[in-house]
Amino acid sequence: MSVSFKLVLPALFSVFLIYSGHVKAEKAPGFTLAGDNGKISLQKYRGKVVYLDFWASWCVPCRKSFPWMNEMQAKYKSKGLVVLGINLDESKSDAKNFLKQIPGNFTMAYDPNGVTPGKYKVEVMPTSYLIDRRGNLVHTHRGFKKSKADKMEAEIQALLNKK
Amino acid sequence: MKKNLTIHGILACLLLLTGCSTMKDVSNAVTDSLFSYEKVKPWQKGELAKEDMQLVDDGVMTYADDHIYFSKEAATGGKGVGGGGCGCN
Amino acid sequence: MKSIQKKLALASCTLLSHGLPNTVQAAEGEDWAVDGSLLHYAEEDRITVNKFIGTLVTNVSEADKVKVDLVYDTMSGSTPSGALDGAGSFATISTPSGAGGFSASSGSTSVADFEDTRLGVSVDWEHTKKRVHRINYGSSISVEKDFTSFGLNTNYAQDTSSRIVTYSAGIAATFDSVRRSTGGTPEPFAEYGQGLTLEEGARVTWDTIFGVTRVLNRRTLGQINFSTGLNDGYLTDPYKLISRTVLLDPLDPSQGFDETATYYENRPSSRQRSSVYMSMSHTTRNDNVMHLSYRYYWDDWDVISNTLDYRLKFRYEGGFFIEPHFRYYDQTAANFYMFSIPQETFLLTGFPEYASADYRLDQTESTTVGINIGKTFPGEGKLRVRIEQVEWTYENSLFDTNKALVVQLSYKKLFE
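Residues numbered from 1 in each chain as written. Chains lettered and ligands numbered in written order. Predicted model: local features only at pLDDT ≥ 70, side-chain atom pairs only at ≥ 80, totals over all residues.

### Some details on the overall build of chain A
Logical step 1: From N to C terminus, chain A includes five helices and seven strands.
Logical step 2: Its helices and strands taken in sequence order, chain A reads α-β-β-β-α-β-α-β-α-β-β-α from the N to the C terminus.
Logical step 3: Taking all 163 residues of chain A together, the buried fraction comes to 28%.
Logical step 4: Taking the contacts inside chain A whose residues are at least 6 apart along the sequence as the reference set, 67% of them involve residues at least 24 apart. (Helix = DSSP H or I, 4+ residues; strand = E, 2+ residues; numbered from the N terminus. Buried ≥ 20, exposed ≤ 12 C-beta atoms within 10 Å, placed from the backbone. Contact = placed C-beta atoms within 7 Å.)

### Let's talk about the sheet that holds strand 3 (residues 49–55) of chain A
Residue and element names in this part refer to chain A.
Logical step 1: The strand order across the open sheet built from seven strands is 2-1-5-4-3-6-7, with neighbouring strands paired in mixed fashion. In this open sheet, the two strands that pair with only one neighbour each are strand 2 (39–41) and strand 7 (137–142). For this sheet, the mean angle separating the axes of adjacent strands, direction not counted, is 30°.
Logical step 2: As paired elements, strand 3 and strand 4 (residues 81–87) share seven bridges and run parallel to each other. (Pairing = 2+ DSSP bridges. Axes fitted to C-alpha atoms, helices over the stretch in contact; angles between N-to-C directions.)

### Structural notes on the confidence of the model for chain C
All names here are of chain C.
Logical step 1: Of all residues in chain C, 87% have pLDDT values of 70 or greater, and the mean over the chain is 85.
Logical step 2: With pLDDT under 50 throughout, residues 1–27 is counted as low confidence; its partners more than four residues away or in other chains account for 126 contacts.
Logical step 3: Every residue in residues 87–107 scores below 50 in pLDDT, and together they form 31 contacts with partners more than four places removed in sequence or on other chains.
Logical step 4: Across the interface, the model reports ipTM at 0.86; the global pTM reads 0.83. (pLDDT = per-residue confidence, 0-100.)

### Things to note about the sheet that holds strand 18 (residues 341–342) of chain C
Residue and element names in this part refer to chain C.
Logical step 1: Read across the open sheet, the three strands follow the order 13-12-18; overall the sheet is mixed. At either margin of the open sheet sits one strand with a lone partner, and together these are strand 13 (257–264) and strand 18.
Logical step 2: Judged from the seven bridges that link them, strand 12 (residues 241–247) and strand 13 form a sheet pairing that is antiparallel. Residue pairing in the sheet places S243 in a bridge with T262 of strand 13.

### Looking at unusual backbone geometry
Logical step 1: Residue A:M125 is joined to A:P126 through a cis peptide bond whose omega torsion reads 0°.
Logical step 2: Looking at the element boundaries, A:P126 is found in the loop between helix 4 (116–119) and strand 6 (127–131).
Logical step 3: Phi at C:R163 is positive, roughly 60°, even though this residue is not glycine.
Logical step 4: Looking at the element boundaries, C:R163 is found in the loop between strand 6 (147–159) and strand 7 (165–178).

### What about the interface of chain A and chain B?
Logical step 1: Taken together, the contact between chain A and chain B spans 16 residues of the former and ten residues of the latter.
Logical step 2: Its residues assigned to classes, the side of chain A that touches chain B comprises eleven nonpolar, two polar and three charged. (Nonpolar A, V, L, I, M, F, W, Y, C, P; charged D, E, K, R; others polar.)

### Some details on the packing of helix 2 (residues 62–76) of chain A against helix 5 (residues 149–161) of chain A
Residue and element names in this part refer to chain A.
Logical step 1: As a packed pair, helix 2 and helix 5 sit with axes 12 Å apart at the nearest point and diverge in direction by 30°. Taken together, helix 2 and helix 5 sit at an angle that is classed as roughly parallel. Our pair here, helix 2 against helix 5, has a crossing hand that is right-handed. Across from W68, M72 and Y76 in helix 2, the residues of helix 5 making contact are A149, E153, I156 and L160. (Parallel < 35°, antiparallel > 145°, perpendicular 65-115°, else oblique. Left-handed = near helix turned anticlockwise from the far one by under 90°.)

### Some words on the nonpolar core
Logical step 1: Judged by nonpolar contacts, the single largest core of 41 residues is most densely connected at A:Y51, A:F54, A:A56 and A:L84.
Logical step 2: Residue assignment for this core shows that the elements contributing at least two residues are strand 3, helix 2, strand 4, strand 5 (107–110) and strand 6 of chain A together with strand 10 (201–217) and strand 15 (289–299) of chain C.
Logical step 3: When residues of this core are assigned to their parent elements, the largest contribution, six residues, is made by strand 3 of chain A.
Logical step 4: When residues no more than four places from it in sequence are discounted, the contact partners of A:F54 are A:I86, A:L88, A:P117, A:V122, A:M125, A:P126, A:T127 and B:W43.
Logical step 5: Of all hydrophobic cores here, the second largest spans 22 residues; its members include B:A75, C:Y263, C:A334 and C:M338. (Core = buried A, V, L, I, M, F, W, Y, C linked by C-beta atoms within 7 Å.)

### Side note on the environment of C:G201
Residue and element names in this part refer to chain C.
Logical step 1: As for its placement among the helices and strands, G201 is situated in strand 10.
Logical step 2: A residue is classified by how many C-beta atoms lie within 10 Å of it, and G201, with 20 of them, is buried.
Logical step 3: The spacing of G201 and T345 is 144 residues in sequence and 29 Å in space, taken between C-alpha atoms.
Logical step 4: Setting aside chain neighbours within four positions, we find G201 in contact with V178, R179, T185, G233, Y234, T236 and P238.

Now the structure itself:
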């Protein structure tokens, strides 16, 4: 009887955690893609908070999101934030031309075959995801709106402060 | 009038020059577009997002044409309403 | 005397030709976009129109876009009134192609001189909800000496969650007031220069449109629209005339005719119109962009029409482009269109119920050939100039053909 009691409590507690919404136990899908200097894989960033952004040169809201992402990366780098942009242009030169006009001062990965967005069920361009230090996919943001920037910054801070 | 003939001639020549390209493009377009349907993913909309691909890609020119033909011909309307294309935001 | 050319009803074009969500989408991301255009339209020996068009699009909020259009036209020249010249001048109109020809002597009633200016303004507001619902409200007003028009329209568009298909529906109402510059409208079928002067002509136009736009593949976008409309009220042209003719030799029409009297025309007070319009944009394997559209139109005046429009844009380094354009158009004659009222018929049955000799209701074929050349400055704007030649040929009307040259220079500037 004491054995089953020891099992029931943690089991119930886990169930409670999962369904309470406090901890979304959904792991962010892993990937390994080409970067500017060698390969980039999501595994490498376990322990950091990752702001993952799917973008393309033709995506108009990306012109507004990049300056904000640059700001976030610079501000919270020391606290453990990694802004990771995954470019989905089929031609790398399109991405390069965009970056010439609007620089991205954060980690860049390239997925011209569009393998990763399928895993993340991307519906619109751009879409960004916040991944906590344990690799869980916590927040999804479809599109980019300046009015939501403060709220997203608060989410980043909350995840950085969590152990 | 001679002036109009010359312009018409130049335009006709230009159309002829593009004619071969036109023929090839049209036949390719027929096979590429009308008969190949695919469920395009949001991140595959790079071409569709370009301004040139909008069905009405030049508002002031379409507007001018509609007025010219509206005032000289009996049939009117048909266009208008839009959507589709970009998967942005 | 003035011409129906001036019935350039800005209002009724607003819903049906502005391509609302599409053109507004072009300003997405930029905070302002201004497009200015100068157009020169010149017919061979007939009218000339100079037009200024200005468009401003701005994002007033993240979910709201406002578009303001301004049009200023100046028109002058002469145009066929539908009447035939006085006694003594005649032509043989025996061949179906109307190759007989006719030259109007000066001072005849068959051409009318005019001059006018028009100002039109329209405002559109588009609101987006949850990214997939868009509702557009539009209003427009157009004013000239003998014509005033006011219109309202609304359009709703919804995308499917995959953003592959967009469904839209719209409705527009336009209120027009028509009068001669000298005041009022003429008594129908009264003799020219005589008869009563009746009050201003008023009419209402209702238009509805249902459309589906679909992404066919990565390089192709297609659209199909079904439209229907109703015109109700004064649909006659207060300046247009029709002549009564008598054959010089009743047994040999090829001998020509003589004009015996000229009357004001008379048209029905309602018109039901419908059309099916299909349009496609496609990026070819060579990275050229093709636009192809076809419209089938029919109405209860028995006008049936086909319109085919084709453009192919060649894009080059540095944003340059060259775009040839070709358009073909045809229409059948309206059921009350007639070149003249034959004396023989007139003596037997008097005036027909309705009659008009307006060449624009005649059986017509038209071709347009043009070229558009320009340069796109990415993120900054677009400069372009186009030259087009349009030619209309008429089956029965007095003047066999009408040729027009169109030159348009436009510049669009984007502001963050």
